[in-house]
2 protein chains.
Amino acid sequence: MSTGRVAAVCGGVGGAKLADGLLRTLPRGALGVIVNTGDDFEHLGLRISPDIDTVLYTLSGLANPDTGWGRRDETWTFMRALEALGGETWFRLGDGDLATHVERTRRVAAGEPLSVVVADIAHRLGIPACVLPMTDGGLRTRVLTDEGLIDFQDYFVRRQCRPRVREIRFEGAAACRPAARIAALLAEPGLEAIVICPSNPYLSVDPVLAVPGMRELLQATGVPIIAVSPLIAGTAVKGPTAKIMGELGKPISAAEVAHHYEGLIDGFVLDRRDEAVVSQIRVPVLLSCTLMATTDDRRRVAIDTMRLARQLAGHCEQVWR
Amino acid sequence: MSTGRVAAVCGGVGGAKLADGLLRTLPRGALGVIVNTGDDFEHLGLRISPDIDTVLYTLSGLANPDTGWGRRDETWTFMRALEALGGETWFRLGDGDLATHVERTRRVAAGEPLSVVVADIAHRLGIPACVLPMTDGGLRTRVLTDEGLIDFQDYFVRRQCRPRVREIRFEGAAACRPAARIAALLAEPGLEAIVICPSNPYLSVDPVLAVPGMRELLQATGVPIIAVSPLIAGTAVKGPTAKIMGELGKPISAAEVAHHYEGLIDGFVLDRRDEAVVSQIRVPVLLSCTLMATTDDRRRVAIDTMRLARQLAGHCEQVWR
């Protein structure tokens, strides 16, 4: 195994699983994860960072394996008590999860950049990787739907992705820049690849790429940039990726995801079940089994992804397609 | 039983128990409770009102009978998770208790007066009494000790009342006024008595009386004002009342508590075990068994207190002393 370092770009569940696979297969300390914060919102006076927390909990082994969000061995006393007080309960906050929100809110309010707070929480949770929000700024994803322009969590959690999506906007993007530590992460010697994890391209990865300067930072590294398809057998494992592609008038296909990242990526990993669309993809591809039901699956997809990256970097002679 | 109304002034544990006794013995809707907020503080970004919450939990039957603070059937997942994140854990916040703090913090930050929020929480918890903070303003109790001038919760919880008290200050008192609903509560027809509950006179009742205009509001009612001694057999049931009296150079005696309230109270209820000091007290007294270990005890002290109030109002011919 190379001792090379990897920077992963991800959103929530699916992306976090591949980040975990990379963490388990790369040398200790070799992984950095740049996480979407377009979904962040203020709720009950707390600063909530859903994708950051999914990554933190997944990489620390605290994630709830059944829900895809929140913590394992969670209790729900707070939520029941809040309901009795007439508080808002549509966004479920477990008792242990609350500690993350309260501590982050307190520290950000005291003036610490989000990226410093998140890196520290990752350290406290024993995660041997650098976890960074894409920006310390206030980019917020909003969804223009047939029910109007709505906040991301309103769309995603409260309305359970039911409204038809017409357009996705990243409000406040222009005033943002990549979190300071991202440039440092990408500039450290030994970077071997950048991996765009199998998160929703439109809702989870695009906000990261919408941060002014982010694309340039990624591309300036000169290392292979590999995306992993979030679609398997032409549909999404979890979440609204396929539904949104349809609503946006796009073909619902792994090839379309590869097209979406064209100009950024150097290689694409997709599931064997999507082999039929390989001919439509204009970058080198690797076929894998990308469903990540188990920890071994996460390791396998990570290893396959790194194999393609190394092939593209010239470590091997041919790209397997 | 008269249908007269009663306004109780109280702090935390002991005071809340008598308020509960009054609630259980007075007609439904006849009780108003004016609660100390000098102990309030901001912790972890949350607005915490310890005495208010003790009263709310006691009157709603949610109180933890073992601790004197917090809720029964509580879980502690938040606290354990916060500890893992390196957060401050010296002030224990249960998972259910957190809902009260989060909801209150959110609503006060949104501009609602504390008194409106507290009255609403009391209603939500099914408390058939009017619970009011003494003020919507920012009076804060600080304690000048041999270790310097320290915040109340620092003294009370973190240092467990160990420093020697030299002086107790009510910072910000001058800018406060009684919460608007207090004047309305006291002006409603049918008020029969005001009860100063057996809370710490210096730390819990004095801050209420330090709110400019509060004494005048209480006295303008013209009804008997009765205090109940927090000392039993010359010592405090719980908390630092006796220790503080000693440190302030006062005699540690129920009579001293009566002297402390002189000019305000019309009658004083003390425990039979303190009968020896009755001759030192310059207002009419009633001897009772004021230890409130059980619900029946709370009822008994409430009934005895109201008996003295009614005697003083001329409903009976003589004061039993």
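Rules used throughout
- Residues numbered from 1 in each chain as written.
- Chains lettered and ligands numbered in written order.
- Predicted model: local features only at pLDDT ≥ 70, side-chain atom pairs only at ≥ 80, totals over all residues.
- Helix = DSSP H or I, 4+ residues; strand = E, 2+ residues; numbered from the N terminus.
- Rg over C-alpha atoms; globule rule 2.2 N^0.38 Å.
- Buried ≥ 20, exposed ≤ 12 C-beta atoms within 10 Å, placed from the backbone.
- Least-squares fit on C-alpha atoms with pLDDT ≥ 70 in both.
- Pairing = 2+ DSSP bridges.
- Axes fitted to C-alpha atoms, helices over the stretch in contact; angles between N-to-C directions.
- Contact = placed C-beta atoms within 7 Å.
- Nonpolar A, V, L, I, M, F, W, Y, C, P; charged D, E, K, R; others polar.
- pLDDT = per-residue confidence, 0-100.
- Expected span 1.5 Å × (residues − 1).
- Parallel < 35°, antiparallel > 145°, perpendicular 65-115°, else oblique.
- Core = buried A, V, L, I, M, F, W, Y, C linked by C-beta atoms within 7 Å.
- Left-handed = near helix turned anticlockwise from the far one by under 90°.

1. Looking at the overall build of chain A
Looking only at helices and strands, one finds 12 helices and 14 strands in chain A. Whereas a compact globule of 321 residues would reach a radius of gyration of roughly 20 Å, chain A reaches 19 Å, a difference of no more than 12%. Its C-alpha atoms give chain A principal-axis dimensions of about 65 × 40 × 40 Å. Expressed as a percentage of the 321 residues in chain A, the buried residues total 52%.

2. What about the relation of the copies chain A and chain B?
For the match of chain A to chain B, the screw axis carries a shift of 0.0 Å, the RMSD comes to 0.0 Å, and the turn is 180 degrees. Such a combination of turn and shift is consistent with a two-fold rotation axis. In terms of C-alpha distance to the rotation axis, chain A has Asp-95 of chain A as its closest residue, with the C-alpha 3.0 Å off the axis.

3. Things to note about the sheet that holds strand β6 (residues 140-145) of chain A
Residue and element names in this part refer to chain A. Judged by pairing direction, the sheet is antiparallel, and its three strands sit side by side in the order β7-β6-β8 without closing on themselves. At either end of the open sheet lies a strand with only one pairing partner, and these are β7 (148-151) and β8 (165-171). Neighbour-to-neighbour, the strand axes of this sheet turn through a mean angle of 25 degrees, independent of strand direction. When β6 meets β7, the two strands line up antiparallel, connected through four bridges. When the sheet's bridge partners are listed, Thr-145 is paired in β7 with Gly-148. Its contacts with the sheet place helix α8 (residues 201-210) against β6 and β8, and it is angled at close to 35 degrees to β8.

4. Concerning the interface of chain A and chain B
Counting from both sides, the interface comprises 25 residues of chain A and, opposite them, 24 residues of chain B. Elements represented by at least two residues in the side of chain A that touches chain B include exactly α3 (77-84), α4 (95-109) and α5 (114-124) of chain A. Per element, the largest residue contribution to the side of chain A that touches chain B is 10 residues, and it comes from α4 of chain A. Classifying every residue of the side of chain A that touches chain B by side-chain character gives 12 nonpolar, eight polar and five charged.

5. Notes on the confidence of the model for chain A
Across chain A, the average pLDDT comes to 94, with 97% of residues at or above 70. Predicted complex metrics record ipTM = 0.89 and pTM = 0.90.

6. Quick word on the sheet that holds strand β1 (residues 5-10) of chain B
Residues and elements named next belong to chain B. Read from one edge of the open sheet, seven strands run β5-β2-β1-β9-β10-β13-β14, paired in parallel fashion. What marks the edges here is a single partner per strand, and that holds for β5 (130-133) and β14 (285-288). Strand-to-strand, the axes of this sheet are offset by a mean angle of 20 degrees, without reference to chain direction. Sheet analysis places strand β9 (residues 191-196) next to strand β10 (residues 225-228), joined by three bridges and oriented parallel. When the sheet's bridge partners are listed, Ile-196 is paired in β10 with Ala-227. Its contacts with the sheet place helix α12 (residues 295-312) against β9, β10, β13 (267-271) and β14, and it is angled at close to 150 degrees to β13.

7. Here we look at the environment of Pro-128 of chain A
All names here are of chain A. Considering the arrangement of structural elements, one finds Pro-128 in the loop between α5 and β5 (130-133). Taking the C-alpha atoms as reference points, Pro-128 and Leu-59, 69 residues apart in sequence, are found 8.6 Å from one another. Setting aside anything within four residues of it in sequence, one finds Pro-128 in contact with Arg-28 and Gly-29.

8. Re α12 of chain B
Residues and elements named next belong to chain B. Given a rise of 1.5 Å per residue, 18 residues ought to cover 26 Å, and the 26 Å separating the end C-alpha atoms of α12 matches this to within 8%. Burial in α12 covers these residues: Arg-298, Val-301, Ala-302, Asp-304, Thr-305, Met-306, Leu-308, Ala-309 and Leu-312. Along its buried surface, α12 packs onto α1 (13-25), β9, β10, β13 and β14. Positioned one or two residues after α12, Gly-314 has a phi angle of 90 degrees, which is positive.

9. Here we look at the packing of α1 of chain B against α12 of chain B
Residues and elements named next belong to chain B. Contact geometry for α1 and α12: axes closest at 7 Å, N-to-C directions at 80 degrees. By the angle between their directions, the pair α1 and α12 is classed as roughly perpendicular. Together, Lys-17, Leu-18, Asp-20, Gly-21, Leu-22, Arg-24 and Thr-25 of α1 and Arg-298, Arg-299, Val-301, Ala-302 and Ile-303 of α12 make up the contact between the two elements. Grouping the amino acids of the contact of α1 with α12 by side-chain chemistry returns five nonpolar, two polar and five charged.

10. Observations regarding the pairing of β10 of chain B
Residues and elements named next belong to chain B. Neither face of β10 is left uncovered, since the one carrying Ile-225 and Ala-227 and the one carrying Ile-226 and Val-228 both have all their residues buried. Here β10 runs beside β13; their pairing, made up of three bridges, is parallel. In the strand pairing of β13, Ile-226 is matched with Gly-267.

11. Side note on the nonpolar core
Among the nonpolar cores identified, the biggest contains 81 residues, and Ala-8, Ala-19, Val-33, Val-131, Val-195, Ile-196 and Ile-226 of chain B are the most heavily contacted of them. Once residues lying within four places of it in the same chain are set aside, the contact partners of Ile-196 of chain B are Val-9, Val-205, Ile-225, Ile-226, Ala-227, Val-228, Tyr-261 and Ile-265 of chain B. Grouped together as the second largest cluster of nonpolar side chains are 80 residues, Ile-52, Ala-122, Val-269 and Leu-308 of chain A included.

12. Focus on the packing of α3 of chain A against helix α4 (residues 95-109) of chain B
The axes of two packed helices give the description: the angle between them and the distance between them. Relative orientation of the contacting elements α3 of chain A and α4 of chain B amounts to 50 degrees, with a least axis distance of 7 Å. Classified by the interaxial angle, the pair formed by α3 of chain A and α4 of chain B is oblique. Crossing geometry of α3 of chain A relative to α4 of chain B is assigned as right-handed. Facing Thr-77, Phe-78, Ala-81 and Leu-82 of chain A of α3 of chain A, the residues of α4 of chain B in contact are Asp-95, Gly-96, Leu-98, Ala-99 and Glu-103 of chain B.

13. Quick word on unusual backbone geometry
Excluding glycine, residues mostly have negative phi values, and the peptide bonds linking residues are mostly trans. Residue and element names in this part refer to chain A. Despite not being glycine, Leu-44 has its phi angle at roughly 55 degrees, a positive value. Inspection of the secondary structure puts Leu-44 in the loop between β3 (41-43) and β4 (46-48). Non-glycine residue Gln-160 carries a positive phi angle of around 45 degrees. Within the secondary structure, Gln-160 sits in the loop between α6 (152-158) and β8. Gln-160 gets classed as exposed once you count the C-beta atoms within 10 Å, which come to 9.

14. A closer look at the environment of Leu-217 of chain A
All names here are of chain A. Mapped onto the elements, Leu-217 comes out in helix α9 (residues 214-220). Residues Leu-217 and Leu-186 lie 31 residues apart in sequence; the distance between their C-alpha atoms is 7.5 Å. The contacts of Leu-217, once residues within four sequence positions are left out, are Pro-178, Ile-182, Ala-183 and Leu-186.

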